[in-house]
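Breakdown of the fold
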Amino acid sequence: MKTLVKNIGTLVTPLGNTARKGIHQGETETIHDAWILSEDGIIKEIGTGEFSGVVDEVIDVEGKLVTPGLVDSHTHLIFGGWRNNEMEQKLKGVSYLDILASGGGIHSTVKATREASFEELVERGKAALDEMLGYGTTSCEAKSGYGLDSETEIKQLEVIRKLNEIQPVDLVATFLGAHALPKEYADNREGYIDLLCNEIIPKVAEEKLAEFCDVFCEEGVFTAEESRRILLKGQEYGLKSKIHADEIYPIGGSVVAGDIGAVSAEHLIVCNDEGIEALSGGNTIACLLPATSHYLNAGYAPARKMIENNVAVALATDYNPGTCPCLNLQLVMTLGCLKYRMTPEEVLNAVTINGAAAIGRADVVGSLEEGKQADMVIWNARELSYICYRMGSNLADKVIKKGKIVKGGRQ
Ligand code: NIG
Ligand code: FE
């Protein structure tokens, strides 16, 4: 099946199969009056002017802006329940870590996720992905981490596998069993870490349920040394590393990330110079989550300093029921400009090629080039800066996944 996307007013895309960093963070290719030919979902050729040839389907985008499909490289997609009940506590000034320490927060989502059926989690995940697709997200990372026991962690990862089969957004699974210490192990940290290392990680790897292993490295959650141990065990089993680091207190998570060659470190709101140096040395992508900073009324990660120090920056939603119940990567793009002082081009690369690199898919998606998947967004915009500027509106006109329109227009 040959598909032609024609009358592209402006095509903006990064190039290559690796994350853009340092002075290359904002490097993009811009082509005017372009067309993209794909065959069976893969880009065959990109050209300008009139296309001559025979195709099965023509999608006329009437002069609009086209970019690669967006890649949301950090989400906690699968969970039961919501946590709007925490709003009142937050407004009274109770902190995120205090809510967690008193048995709420992640623990209340764990309870709801354990109680939810497989089918219910599939339905909820599917609804969330459908909304994301509408905002232009065509690939997405999804974490477990609301089971904190073998059965429910595996259930979450199986839900992700199922969702990968039944809807268009490509998913990459991350095992986040070390998201909190489950209540049953409140007096037995070692016991839970042993369970993760000796039982659940081997099982997840054996059943190929995840590609990445992640840990919430934070004061009162997992220490830097515990995080290192869990992530290295994951690596032994072939799971690449990610780490929630320096979100609230800088307890050494970013240093661990750089040391062990983690693919990405997440949040990094309070990342210090030592952390930035470690990330740079480890070639670790900084996956920054500005909508979470906004939602927590917290500070913003030092993105410019990271770019200056040759750390590749990706931006993601962090969709989760506690600190960021937001699926809109376009809003994240706006915050990337306004709060991190990143340029629209730097931001585009952060939600395309760098997001793809953060989930191990930079050879398949993240840019519009021959040989890559024909995943793209047709924007109700003529220029890239317009998307970042129109805060809160959904500017995705049509979303194309593997050469087919999956949102907007004829589906
Ligand atoms: O990335 N910080 C840790 N984990 C999530 C929030 C999880 C939750 O509160 O349910 C995050 O923000
Ligand atoms: Fe997160």
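Being a predicted model, the structure only gives us computed values, none of them experimental.

Criteria and thresholds
- Residues numbered from 1 in each chain as written.
- Chains lettered and ligands numbered in written order.
- Predicted model: local features only at pLDDT ≥ 70, side-chain atom pairs only at ≥ 80, totals over all residues.
- Heavy atoms only, no water.
- Near = heavy atom within 4 Å.
- Polar contact = N/O pair within 3.5 Å; in protein donor to acceptor, adjacent residues only side chain to side chain.
- Areas by Shrake-Rupley, 256 points an atom, 1.4 Å probe, with all protein chains shown as cover.
- Nonpolar A, V, L, I, M, F, W, Y, C, P; charged D, E, K, R; others polar.
- Buried < 20%, exposed > 50% of the residue type's maximum accessible area, 1.4 Å probe, protein only.
- Helix = DSSP H or I, 4+ residues; strand = E, 2+ residues; numbered from the N terminus.
- Arc of directions from axis to C-beta.
- Contact = heavy atoms within 4.5 Å.
- Donors = N, O, S within 2.8 Å, 3.2 Å for Na, K, Ca; no water.

Here the focus is the site of ligand 1. In the vicinity of ligand 1, 15 residues are found, and the nearest of them are Arg83, Tyr96, Tyr146, Glu247 and Thr323. In this structure, an oxygen atom belonging to ligand 1 sits 2.8 Å away from a side-chain N or O atom of Arg83. Surface burial for ligand 1 is 100%, taken as the share of its 330 Å² of free accessible area covered by protein chains. Among the residues making up the shell around ligand 1, the classes are represented as four nonpolar, eight polar and three charged.

Taken together, the buried positions of helix H3 (residues 106-115) are occupied by Ile106, His107, Thr109, Val110 and Thr113. Taken end-on, H3 shows its buried residues confined to a sector of 155°, consistent with a single buried face. Seen from the buried face of H3, the exposed residues on the opposite side, beyond 90 degrees, are Lys111 and Glu115. Buried residues along H3 sit in contact with helix H2 (96-101), helix H4 (118-135) and helix H5 (150-166).

A few words on the coordination of the iron ion (ligand 2). The coordination sphere of the iron ion (ligand 2) contains the protein donors His74 (NE2), His76 (NE2), His244 (NE2) and Asp318 (OD), at a distance range of 2.0 to 2.4 Å. Sequence positions of the residues that donate to the iron ion (ligand 2) give the spacing H-x1-H-x167-H-x73-D. Both residues of the pair, His74 and His76, belong to the buried class.

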